[in-house]
Amino acid sequence: MRSSQLSNEGVPLKSREVEAIPTPTSKILMNDFARQWSDTAESVLSAVRRVGGSGWYILGKEVSQFEALLAAHVQRQNVVGCASGLDAIELALRACKLTAGQRVLTTPLSAFATTLAIIRAGGVPVFVDVDDYGLIDTEQCRDALLEDRSMRFFVPVHLYGHALHRSALSELQNEFELTIVEDCAQAIGAFSEGHSVGSTGEVCAFSFYPTKNLGAMGDAGAVATDNMAVAARCRALRNYGQTERYQHDLLGMNSRLDELHAAILGEAFFPRLPEWTQRRQVIAATYRAGICNPGVLVPGAPEASQSVWHLFPVLVTATCREDFRLHLSNAGVESAIHYPTLIPYQAAMSQIPHQVKRPLTRAEEYSRSEVSLPIHPYLTQSEVERAIAAVNSWNP
Ligand SMILES: Cc1ncc(COP(=O)(O)O)c(C=O)c1O
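Rules behind the numbers
For every chain, the first residue of the written sequence is number 1, and numbering continues from 1 onward in sequence order. Totals for whole chains, interfaces and linings use every residue, but because this is a predicted model, local features are given only for residues with pLDDT of at least 70 and side-chain atom pairs only at 80 or more, for both listing and counting. Hydrogens and water molecules were not included; the side-chain quantities draw on all heavy atoms of the structure. Labels follow the DSSP assignment, with helices taken as runs of H or I lasting at least four residues and strands as runs of E lasting at least two, numbered in each case from the N terminus. A radius of gyration in this sense is built from C-alpha atoms; the matching globule rule multiplies 2.2 Å by the number of residues raised to 0.38. Should any heavy atoms of two residues lie within 4.5 Å, those residues are counted as being in contact. Accessibility throughout is a Shrake-Rupley quantity obtained with a 1.4 Å probe, and a residue counts as covered only by protein chains that appear here. In summary, the charge assignment counts Lys and Arg as positive and Asp and Glu as negative, without counting His or the chain termini. A single reference atom marks each charge: NZ on Lys, CZ on Arg, CG on Asp, CD on Glu. The pocket and cavity definitions rest on a 1 Å grid over protein atoms only: a 1.4 Å probe that fits but cannot leave marks a cavity, an open set with protein on both sides within 12 Å along at least five of seven lines marks a pocket, and residues lining either have an atom within 4 Å of a point. Grid points are joined across faces, edges and corners, and a volume is the space filled by probe spheres set on the points. Each residue is assigned to one class: nonpolar for Ala, Val, Leu, Ile, Met, Phe, Trp, Tyr, Cys and Pro, charged for Asp, Glu, Lys and Arg, and polar for all the others, Gly among them. Reported domain spans reflect what an automatic or database domain assignment gives. Each axis is a line fitted through C-alpha atoms, and for a helix only the stretch in contact is used; angles between axes span 0 to 180 degrees, taken between their N-to-C directions. Note that the term roughly parallel is reserved for angles under 35 degrees, roughly antiparallel for angles over 145, roughly perpendicular for angles of 65 to 115, and oblique for everything else. By definition, turning the near helix anticlockwise from the far helix through less than a right angle yields a left-handed crossing, and turning it clockwise yields a right-handed one. Type-normalised accessible area, obtained with a 1.4 Å probe on protein chains alone, sets the label of each residue: buried when under 20%, exposed when over 50%, and partly exposed for intermediate values.

So what exactly am I meant to see when it comes to the overall build of the protein here?
Summing up its helical and strand segments, the protein has 13 helices and 15 strands in all. Here the C-alpha atoms of the protein give a radius of gyration of 21 Å, agreeing with the 21 Å that 2.2 N^0.38 yields for 396 residues. Projected onto its principal axes, the C-alpha coordinates of the protein cover approximately 60 × 55 × 35 Å. Put simply, of all contacts in the protein between residues at least 6 apart along the chain, 73% involve residues at least 24 apart. Of the accessible surface of the protein, which amounts to about 16300 Å², a share of 52% is contributed by carbon and sulfur atoms. Positive and negative side-chain charges in the protein, numbering 34 and 42 respectively, have mean positions lying 4 Å apart.

Given below as structure tokens:
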């Protein structure tokens, strides 16, 4: 790093910004893996060479080292690497002994994987509405739990990189004796009341899908917990339920983490996470200060959340959304929608037992009105300004 070079936000400019200078008309992408590669290639290749030379490709030293790094980062005693975020949630629920038909409280506004994992683990998802920030509404969770006192499992999602309010989660946990599996796929490094996401529930799950704040060069995930027995069951479950060589005490799956992914994550990407997160936070602050189109609502982050801004959601009138996205696209700014169809309304759910605590007013509003703006760490200051100008020049 050339420490003398500072961007005008006071964040050090890395050599990538000097080398990969975008042309003024280049498209502003939701994710820019070419820039990430030019910044990280050397350390990625060093990790690959080490694994290649080791001759050990699955569940070895690299996986253990990455698990230790992550455990320290999320303040948990045990981390178990696995093949994806989807698997991490399923492993966590199965390790916590969710039994077939048990109801699991969760959010209708998330990646489908959150609910798919619950169903694969045998649970029956129960959906409640979200709050003004798109996060599961903990007051409505309380109402649902009071209505159904036998519900014991809860999978909240720290959506968009925002941390759910820690006290609200632990109050629910204590009052209703819940087993909480926190879905931290979008929120690694986010904090609430001084505590990392993933440190409140019994277990938490991470995804290292390439677009995530800490993304591998392929699929990967992890479970973190302080509960030794749960961790041991996750370790067995990820490897066919094997507790010792050729001894299968559980019916597990193949969700092993490759050494290559673990080495790349541990050596090339994890050390950059604080800088990447800081860059996302600076971009979010710049968007929040700069967007002043009355037709575009910027929800921001909940007060108690130290967000890591996996996504930057804005809201527009539902009937204008496509026009807004077209305007952005014409200005060379990519956008996305998270998520256009609520999970209980997906076709795959039609034959699957589940409950919806109606109404899902805010979640439906998000699914009709949300647009995500680009917020990856390799965006330059001038691209952020171009994106803001595009948003502000839209006439609803
Ligand atoms: C909130 C959330 N949960 C779970 C997942 C599943 O992670 P993966 O894609 O690694 O299976 C994702 C990723 O899309 C996600 O965003």
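Sorry, what's going on with the layout of surface pockets here?
Over the atoms, a rolling probe the size of a water molecule traces out where space has been left empty. Space inside the largest pocket adds up to approximately 480 Å³. Along its surface, the largest pocket is lined by 30 residues, and Gln186, Tyr209, Thr211, Lys212 and His310 are the ones closest to its centre. Mapped by element, the contributors of at least two residues to the lining of the largest pocket are helix H4 (85–95) and helix H5 (112–120). The class makeup of the residues in the lining of the largest pocket is 15 nonpolar, eleven polar and four charged. Built from parts of two domains, the lining of the largest pocket gets at least three residues from each of domain 1 (15–29 + 272–392) and domain 2 (48–270). Put simply, the second largest pocket is a space of about 180 Å³. Considering the residues around the second largest pocket, the lining is formed by 13 residues, among which Asp131, Thr138, Leu164, His165 and Pro302 are closest to the centre. Taken together, the residues that form the lining of the second largest pocket break down as eight nonpolar, two polar and three charged. Counting contributing residues per domain, the lining of the second largest pocket is built from domain 1 (15–29 + 272–392) and domain 2 (48–270), each supplying no fewer than three.

Quick question: what am I supposed to make of the packing of helix H2 (residues 33–54) against helix H9 (residues 259–269) here?
Geometry of a packed helix pair, given as the angle between the helix axes and the separation of the axes. Relative orientation of the contacting elements H2 and H9 amounts to 130°, with a least axis distance of 8 Å. The angle between the axes of H2 and H9 places the two elements in the oblique class. Crossing angle aside, the handedness with which H2 passes H9 is right-handed. Contact residues: H2 offers Gln36, Thr40, Ser43, Val44, Ser46, Ala47, Val48, Arg50 and Val51, while H9 offers Glu259, Leu260, Ala263, Ile264, Glu267, Ala268 and Phe269. Its residues assigned to classes, the contact of H2 with H9 comprises nine nonpolar, four polar and three charged.

I'm lost on H9 in this one. Help?
Each α-helix winds once per 3.6 residues, and so residues spaced three or four apart point in a common direction. Judged by how many residues are buried, H9 sits mostly within the fold: nine of eleven residues are covered. Every buried residue of H9 is listed here: Glu259, His261, Ala262, Ala263, Ile264, Leu265, Gly266, Ala268 and Phe269. Next to the buried residues of H9 lie H2, helix H3 (61–73) and helix H10 (273–290).

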